[in-house]
Amino acid sequence: MTEQTEQQSAGTQRTWEGPSATQRLQMLREAKSVAIVGASAKPARASNFVGTYLLSSSNYRVYFVNPREKEILGHPVYASLEDLPEVPDVVDVFRRSEDLPDVAREAVAIGAKTLWIQLGLWNEEAARIAEDAGLTVAMDRCIKIEHARFHGGLNLAGFNTGVISSKRQTLA
C-alpha cells in the first residue's frame, strides 16, 4: 500500500498543494547550491544517485549532510545544515517522514530558500513550518527528475530514449 493510500485509509487527506511545474523550474533556476540531507555513501541509495547526477549534470554547489558519514563521492560530509560552509539555496531531504518537521526547522534556522522533500515523502507539518517562514517547498518530488525534465537529461536515467513505437517489445 502506498503512503498516500495509507493516509487516505487512515482518514487523513493530502491538503497541501505543491508548486506548479513553472514554479518548480523557477526554484531550480534560482538555486546555486543544494544540501542533500540524509545523503548516503551507498551507491544503491537514491540520495547517492541524486548527488552523482547533480555533481555531473548541474552547476550547483552540492553539499552532503549526514552525521554518520565522512565522505561521499569524494566530497566532505557535514554533520548538520549549520555546519555547511554556506547557506544552501535548496535543502533536499532524504529522511523518514516523521523526521521532516525537524529538518524543516533546521532549514528555516539557517536561512535556506527552498525545502525540497524527496519523492515518496509527505509531511504537511514540515511544509507548513517552511512556508510559514517564507521558504518555497516541493514535496514528493525528486530534484534529479525535475532538473533532468527541465534540462533535457531524462535520458541519463533511461527515460525519454527518443524511440517512439506502438510495436510490442520482442523478448529474446
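### Regarding the nonpolar core
Counting residues in each nonpolar core, the largest one holds 27 residues, and the members touching the most others are Leu81, Leu84, Val91, Ala107, Leu115 and Ile117. Of all the elements in the fold, those that place two or more residues in this core are strand S1 (33-37), strand S2 (61-65), strand S5 (90-93), helix H4 (100-110), strand S6 (114-117), helix H5 (124-132) and strand S7 (136-139). Here this core takes five residues from H4, the largest share from any one element. What Leu84 contacts, discounting residues up to four positions off in sequence, is Ala35, Tyr63, Val65 and Tyr78. Residues Val34, Val50, Val77 and Phe94 belong to the second largest nonpolar core, which totals 21 residues.

### Considerations on the pattern of salt bridges
Pairing of side chains with opposite charge becomes possible as their charged atoms draw close. According to the stated counting rule, one finds 11 salt bridges in the structure shown. Salt-bridge contacts for Lys113 lead to Asp89; the nearest nitrogen and oxygen are separated by 3.3 Å. Taken together, the residues span a long stretch of sequence, with Lys113 in the loop between H4 and S6 and Asp89 in the loop between strand S4 (75-78) and S5 at a distance of 24 residues. A salt bridge links Arg96 to Glu98; the nearest nitrogen and oxygen atoms lie 3.0 Å apart. With a relative accessible area of 55%, Arg96 lands in the exposed category. For Glu98, a relative accessible area of 54% gives the class exposed.

Rules and cut-offs
- Along each chain, residues carry numbers from 1 onward, in the same order as the chain's sequence is written.
- In keeping with the predicted nature of the model, local features appear solely for residues at pLDDT of at least 70, side-chain atom pairs appear and are counted solely at 80 or more, and the whole-chain, interface and lining totals rest on all residues.
- Only hydrogens and water are removed before side-chain values are computed, so all heavy atoms of the structure are retained for them.
- As used here, the term nonpolar core means buried Ala, Val, Leu, Ile, Met, Phe, Trp, Tyr and Cys residues forming a set that is joined through side-chain atoms within 4.5 Å.
- Whether a residue is buried, partly exposed or exposed follows from its accessible area with a 1.4 Å probe, protein chains only, as a fraction of its type maximum: under 20%, in between, or over 50%, in that order.
- Only DSSP runs of H or I reaching four residues or more are called helices, and only runs of E reaching two or more are called strands; each is numbered from the N terminus.
- Residue contacts are defined here by distance: any two heavy atoms, one from each residue, within 4.5 Å place the two residues in contact.
- The term salt bridge refers to a side-chain nitrogen of Lys or Arg lying within 4 Å of a carboxyl oxygen of Asp or Glu.

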